[in-house]
Amino acid sequence: MIPLPRPAVYVTRRLPAAAMRLLEETCQVSLWDELERPVPRAELLRGVADAEGLLSLLTDRVDAEVLAAAPRLRVVANMAVGYDNIDVAACTARGVLVTNTPDVLTETTADLAWALMLAAARRIVEGQRMIETGAWGPWHPLQMVGVDVYGATLGVVGAGRIGGAVLRRGGGFAMRLLYHNRHPAPELEAATGAVYRPFDDLLRESDFIVVSAPLTPETRGMFGAREFSLMRETAIFVNVARGPLVREEDLAAALRAGRPRAAGLDVFTREPIGPDHPLLSLPNCVCVPHIGSATLATRTRMATLAAENLVAALTGRPLLTPVNLTELVALELAAPSWGRGATDR
Ligand code: NAP
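The structure reproduced in this document is the subject of the present report.

Thresholds applied
- Residues numbered from 1 in each chain as written.
- Predicted model: local features only at pLDDT ≥ 70, side-chain atom pairs only at ≥ 80, totals over all residues.
- Heavy atoms only, no water.
- Buried < 20%, exposed > 50% of the residue type's maximum accessible area, 1.4 Å probe, protein only.
- Helix = DSSP H or I, 4+ residues; strand = E, 2+ residues; numbered from the N terminus.
- Pairing = 2+ DSSP bridges.
- Polar contact = N/O pair within 3.5 Å; in protein donor to acceptor, adjacent residues only side chain to side chain.
- Contact = heavy atoms within 4.5 Å.
- Near = heavy atom within 4 Å.
- Nonpolar A, V, L, I, M, F, W, Y, C, P; charged D, E, K, R; others polar.
- Phe/Tyr/Trp six-rings, centres within 6.5 Å; stacked < 30°, edge-to-face > 60°.
- Salt bridge = Lys/Arg side-chain N within 4 Å of Asp/Glu carboxyl O.
- Core = buried A, V, L, I, M, F, W, Y, C linked by side-chain atoms within 4.5 Å.
- Axes fitted to C-alpha atoms, helices over the stretch in contact; angles between N-to-C directions.
- 1 Å grid on protein atoms, 1.4 Å probe; cavity = no way out; pocket = protein on both sides within 12 Å on 5 of 7 lines; lining within 4 Å.
- Points joined across faces, edges and corners; volume = space filled by probe spheres on them.
- Parallel < 35°, antiparallel > 145°, perpendicular 65-115°, else oblique.
- Left-handed = near helix turned anticlockwise from the far one by under 90°.

**Examining the pairing of strand β4 (residues 75-78)**
Consideration 1: Burial along β4 is two-sided: the residues Val75 and Ala77 and Val76 and Asn78 are all buried.
Consideration 2: In terms of strand pairing, strand β3 (residues 53-56) meets β4 through four bridges, oriented parallel. Within β4, the residue paired with Leu54 across the bridge is Val76.
Consideration 3: Summarising the sheet, β4 and strand β5 (residues 97-99) pair through three bridges and their orientation is parallel. What sits directly across from Val75, in β5, is Leu97.

In structure tokens, the structure reads:
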């Protein structure tokens, strides 16, 4: 029997071995074989020319230009739960499936949100810097005082998988739990005891505000001068979602003025930020380099899930975690692709 040709896929970074093995068993893999450096744009456009599948990272912008360069493309498997780097509407219009990697990173990212909450509240980074610079003087009653986490009020904006996991951890700290989404979430309320609040009320009432909403046109710039002015002077603001949800200049001004008291940030508008970034110069701002999902186990699970989605899409098996399947099916029912010319797709 003549073996069927393996589908060609383009992978935009060297992935953990388990994910590469999965891909290589079924596909003909072309790879941007670097770990640290994102694929240059021109290389990506060349790489997708024959590809039926693309495994992308959040550093890759998958837009109309990429789709135009990839006439055979059938699936984009993003190794992230967020997919703001992908023009999903353009993919859907072209009949291209999009998948992401939800769930497998939820607990890891919630842990990081808590690390930032605790670090900002108890001035962990500032304390280490104090020792390193020889500024640690004799113990005194107000030396490095912070704010309590135990028993405080935690408000989560974007309480889905990650936000829900952040809230669950709050139970162990005897916190009062609030959340804000576009829609009330009765299951979350039943599971955590969290109470729904309109956006402004949550900002006013919370001691800790954690952001874990996706980046969408609606959430871009959601936190600016007005929102920071509503927060308590003692509030701690934590962003583990995406940088552009926050107007960084407004946050820097607010932190300088002392409302909110401190912030913990995993994500920034333009990543990577350099050592001259204004937020880094503020002692009350803890900054880490987008490490929400960065444990070896979780990154391996994310890469493997992305690979499984890619292989499933190209071998006609059910997708594990599709993003636009419903929209694609609706489009197919409305205008079957067998009735359209190849150029329409
Ligand atoms: P999810 O389960 O879809 O949760 C997102 C939540 O945000 C939902 O509850 C949604 O509820 C709410 N939401 C959406 N739009 C909103 C709006 N305009 N205002 C208020 N709430 C809104 O997603 P997830 O798995 O928890 O991931 C959330 C995000 O975290 C991802 O999109 C990604 O950008 C980010 N993330 C970052 C890292 C990192 O490394 N720092 C790691 C993983 C994920 P409604 O639909 O009811 O509004």
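From this point, the discussion proceeds with the structure in view.
**Structural notes on the side chain of Thr321**
Consideration 1: Within the secondary structure, Thr321 sits in the loop between α12 (296-314) and α13 (325-334).
Consideration 2: Within polar-contact distance, the side chain of Thr321 engages the backbone oxygen of Asn100 at 2.6 Å.
Consideration 3: A polar contact is formed between the side chain of Thr321 and the side chain of Asn309, at a distance of 2.8 Å.
Consideration 4: Ignoring anything within four residues of it in the chain, the contact list for Thr321 reads Thr99, Asn100, Pro102, Leu305 and Asn309.

**A look at the site of the ligand**
Consideration 1: Residues in close proximity to the ligand total 27 residues, the closest being Arg161, Ile162, Arg182, His183 and Asp266.
Consideration 2: A distance of 2.8 Å separates an oxygen atom of the ligand from a polar atom in the backbone of Ile162.
Consideration 3: A distance of 2.8 Å separates an oxygen atom of the ligand from a polar atom in the side chain of Arg182.
Consideration 4: Taken together, the residues of the shell around the ligand break down into 10 nonpolar, 12 polar and five charged.

**Points about the packing of aromatic side chains**
Consideration 1: Summed over all chains, the structure comprises five aromatic pairs.
Consideration 2: Taken together, a centroid distance of 5.5 Å and an interplanar angle of 75° make the contact between Tyr179 and Tyr196 edge-to-face. With Tyr179 in strand β7 (residues 176-180) and Tyr196 in strand β8 (residues 195-196), the pair connects residues that are 17 residues apart, well separated along the chain.
Consideration 3: The class for Tyr196 is partly exposed, based on a relative accessible area of 26%.
Consideration 4: Among the aromatic side chains, those forming a connected cluster through ring pairs are Phe199, Phe223, Phe228 and Phe237.

**What to know about the pattern of salt bridges**
Between side chains of opposite charge, a pair can form as their charged atoms come close.
Consideration 1: Enumeration over the complete set of coordinates arrives at 21 salt bridges.
Consideration 2: Close ionic contact of Asp200 with Arg226 constitutes a salt bridge, the shortest N to O distance being 2.8 Å. Taken together, the residues Asp200 in helix α9 (residues 199-205) and Arg226 in helix α10 (residues 225-230) connect sequence positions 26 residues apart.
Consideration 3: Of the residues examined, Asp200 reaches a relative accessible area of 23% and is grouped as partly exposed.
Consideration 4: On the basis of relative accessible area, Arg226 is assigned to the partly exposed category, the value being 43%.

**Let's talk about the nonpolar core**
Consideration 1: One finds Leu15, Leu55, Leu154 and Phe208 to be the most contacted residues of the largest nonpolar core, which totals 59 residues.
Consideration 2: Contacts of Leu154, omitting those with residues within four sequence positions, involve Trp114, Met117, Val166, Leu167, Gly170, Met175, Arg176, Leu177, Leu178, Ser206, Phe208 and Val210.
Consideration 3: Counting 29 residues, the second largest nonpolar core, distinct from the first, contains Ile209, Val211, Ala213 and Leu282.

**What to know about the sheet that holds strand β2 (residues 28-31)**
Consideration 1: Pairing within the open sheet is parallel, and its five strands lie in the order β2-β1-β3-β4-β5. Each of the sheet's edge strands pairs with one partner strand only, and the pair in question is β2 and β5. Across the sheet, the mean angle from the axis of one strand to that of its neighbour is 15°, orientation sign disregarded.

**Concerning empty space enclosed by the protein**
Over the atoms, a rolling probe the size of a water molecule traces out where space has been left empty.
Consideration 1: By the definition in use, this model includes one cavity of 30 Å³ or more.
Consideration 2: Size it by volume and the largest cavity reaches roughly 30 Å³.
Consideration 3: Taken together, Asn239, Gly243, Val246, Glu248, Leu251, Leu265, Val267, Phe268 and Leu279 form the lining of the largest cavity.
Consideration 4: Of the residues assigned to the lining of the largest cavity, the class counts are six nonpolar, two polar and one charged.

**Some details on the packing of helix α5 (residues 106-121) against helix α7 (residues 161-171)**
Consideration 1: Look at α5 against α7: their axes get within 8 Å of each other, and the N-to-C directions meet at 55°. In terms of orientation, α5 and α7 fall into the oblique class. In terms of crossing hand, the pair formed by α5 and α7 is right-handed. Residues Thr106, Glu107, Thr109, Ala110, Asp111, Ala113 and Trp114 of α5 lie in contact with α7, whose contacting residues are Arg161, Ile162, Ala165, Val166, Arg168, Arg169 and Gly170.
Consideration 2: Its residues placed into classes, the contact of α5 with α7 shows six nonpolar, three polar and five charged.

**Things to note about the sheet that holds strand β12 (residues 285-287)**
Consideration 1: Spatially, β8-β7-β6-β9-β10-β11-β12 is the arrangement adopted by the seven strands of the open sheet, whose pairing is parallel. Among the strands making up the open sheet, the edge pair consists of β8 and β12.
Consideration 2: The sheet contact formed by strand β9 (residues 208-211) and strand β10 (residues 236-239) spans four bridges and is parallel. Within β10, the residue paired with Phe208 across the bridge is Ile236.
Consideration 3: Running over the sheet, α5 touches β6 (153-157), β9, β10, β11 (262-265) and β12 and is turned about 150° from β10.
Consideration 4: On top of the sheet, helix α11 (residues 248-257) reaches β10, β11 and β12; it is set at about 145° to β11, its chief contact.

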